[in-house]
Amino acid sequence: MAVFNLKSREIECKIVFYGPGRSGKTTNLEYIFKTYKKQVSDQMVTIDTEGDRTLFFDFLPMGLGKIKGCDIKVQLYTVPGQVQYSSTRKLVLKGADGIVFVADSFAIRREKNMLSLKDLDQNLKECGLNIFKIPLILQYNKRDIADIPGNTIPIMPIEVMQKDLNRQLKAPYFPASALTGQGVGATLKECLKLTLVHLQKEFNWAQ
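For clarity, every value in this text was computed on a predicted model and none was experimentally measured.

*Asks:* Whenever I open this one, unusual backbone geometry confuses me. Can you help?
*Replies:* Negative phi is the rule for most residues except glycine; trans is the rule for most peptide bonds. Phi angles above zero are rare outside glycine, and Arg22 is one such case at about 65°. Take Arg22: it is sitting in the loop between strand 2 (10-18) and helix 1 (25-35). A relative accessible area of 62% places Arg22 in the exposed class. If you check the backbone angles, Lys142 has positive phi at about 70° while not being a glycine. Mapped onto the elements, Lys142 comes out in the loop between strand 7 (136-141) and helix 4 (158-165). Residue classification places Lys142 among the buried residues on the basis of a relative accessible area of 15%.

Encoded structure:
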């Protein structure tokens, strides 16, 4: 749920990067943090868990305009993807205004993607949110692996990932490589756009 701060004339909203362990959620945020330095208002905060990480930082997107004369501040979060951190994921999801679901293109991770999306659906319900109504972007990460000479890791075709994950949701999606940055900016930009449109409708804000 977005926070309207009258004193600082800011509207704070929260976008969560969700997905299975090692799908590239952390790499997405690290790339954004490094590439968009001017828009990052503070240090990245990292909370280490065994074999996984949760991290967040404030992001001040440029060129999004203002709502009711207020600047927009976006808090970007990741969740730990491993199964045992279910309670942490629920905690981070609470109050989310938009979601980026980072799916792993490795064929061996196909089931983990589907289980993680099911987990997202369930956790959103427990937070009083609806996966079909919240602004949601799908990112199909690690597409660059297929182009590496000598690569032997099977990569799923986009069509298969669409069928597995997006058949019912019909959400916007982006092929990406969080490591090289391909598709990362486009994913974030679309999620920010959908989130702000959603907030304007929800609270009847005018530009």
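*Asks:* Which parts of the structure should I look at to understand the nonpolar core?
*Replies:* Soluble globular proteins tend to pack their nonpolar side chains together in the buried interior. Within the largest apolar cluster, 24 residues are counted, with the highest numbers of intra-cluster contacts made by Val16, Tyr18, Leu93, Ile99, Phe101, Leu120 and Leu136. The set of elements that each furnish at least two residues to this core consists of strand 2, helix 2 (86-93), strand 6 (98-104), helix 3 (110-126), strand 7 and helix 4. In contact with Ile99, not counting residues within four places along its chain, are Val16, Tyr18, Leu93, Leu120, Leu124, Ile134, Pro135, Leu136, Ile137 and Cys191. The next biggest cluster of nonpolar side chains, apart from the first, holds 23 residues, and it includes Tyr31, Cys70, Val74 and Val100.

*Asks:* Sorry, what's going on with the pairing of strand 2 here?
*Replies:* Looking along a regular strand, one sees the side chains alternate between the two faces of the sheet. Counted residue by residue, strand 2 has eight buried out of nine residues, so it is predominantly covered. When strand 1 (residues 3-5) meets strand 2, the two strands line up antiparallel, connected through three bridges. Within strand 2, the residue paired with Val3 across the bridge is Glu12. What sits between strand 1 and strand 2 in their antiparallel hairpin is a turn of four residues, with Arg9 showing a positive phi close to 55°. Pairing of strand 2 with strand 5 (residues 71-78), which is carried by eight bridges, proceeds in the parallel orientation. Residue pairing for strand 5: Cys13 is matched across the bridge by Val74. Relative to strand 6, strand 2 runs parallel, the two sharing four bridges.

*Asks:* Can you walk me through the pattern of salt bridges in this structure?
*Replies:* Should the charged atoms of two oppositely charged side chains come close, the side chains can pair. According to the stated counting rule, one finds eight salt bridges in the structure shown. A salt bridge links Lys73 to Glu10, with the nearest nitrogen and oxygen atoms 3.7 Å apart. Of the two residues, Lys73 sits in strand 5 while Glu10 sits in strand 2, which places them 63 residues apart along the sequence. There is no split in this pair, since Lys73 and Glu10 are both buried. Between Arg109 and Asp104 there is a salt bridge, with the nearest N and O atoms lying 2.7 Å from each other. Residue Asp104 is classed as buried on the basis of its relative accessible area of 1%. What you see here is one network of salt bridges that share partners, running through Asp104, Arg109 and Lys142.

*Asks:* What exactly am I supposed to notice about the packing of aromatic side chains here?
*Replies:* Within this structure, the stated rule accounts for one aromatic pair. Judged by centre distance (5.6 Å) and plane angle (35°), the ring pair of Tyr140 and Tyr173 falls under tilted. In this pair, Tyr140 is assigned in strand 7 and Tyr173 in strand 8 (residues 173-175), connecting sequence segments 33 residues apart. Among the residues examined, Tyr140 registers a relative accessible area of 0% and is labelled buried. You can call Tyr173 partly exposed: its relative accessible area is 36%. The ring of Tyr77 is capped by Lys14, whose NZ or CZ atom sits 4.7 Å from the centre of that ring. A cation over an aromatic ring shows up here: Lys142 above the ring of Phe106, its NZ or CZ 4.5 Å from the ring centre.

Criteria and cut-off values
- Residues numbered from 1 in each chain as written.
- Predicted model: local features only at pLDDT ≥ 70, side-chain atom pairs only at ≥ 80, totals over all residues.
- Heavy atoms only, no water.
- Helix = DSSP H or I, 4+ residues; strand = E, 2+ residues; numbered from the N terminus.
- Buried < 20%, exposed > 50% of the residue type's maximum accessible area, 1.4 Å probe, protein only.
- Core = buried A, V, L, I, M, F, W, Y, C linked by side-chain atoms within 4.5 Å.
- Contact = heavy atoms within 4.5 Å.
- Pairing = 2+ DSSP bridges.
- Salt bridge = Lys/Arg side-chain N within 4 Å of Asp/Glu carboxyl O.
- Phe/Tyr/Trp six-rings, centres within 6.5 Å; stacked < 30°, edge-to-face > 60°.
- Lys NZ or Arg CZ within 6 Å of the ring centre and 35° of its normal.

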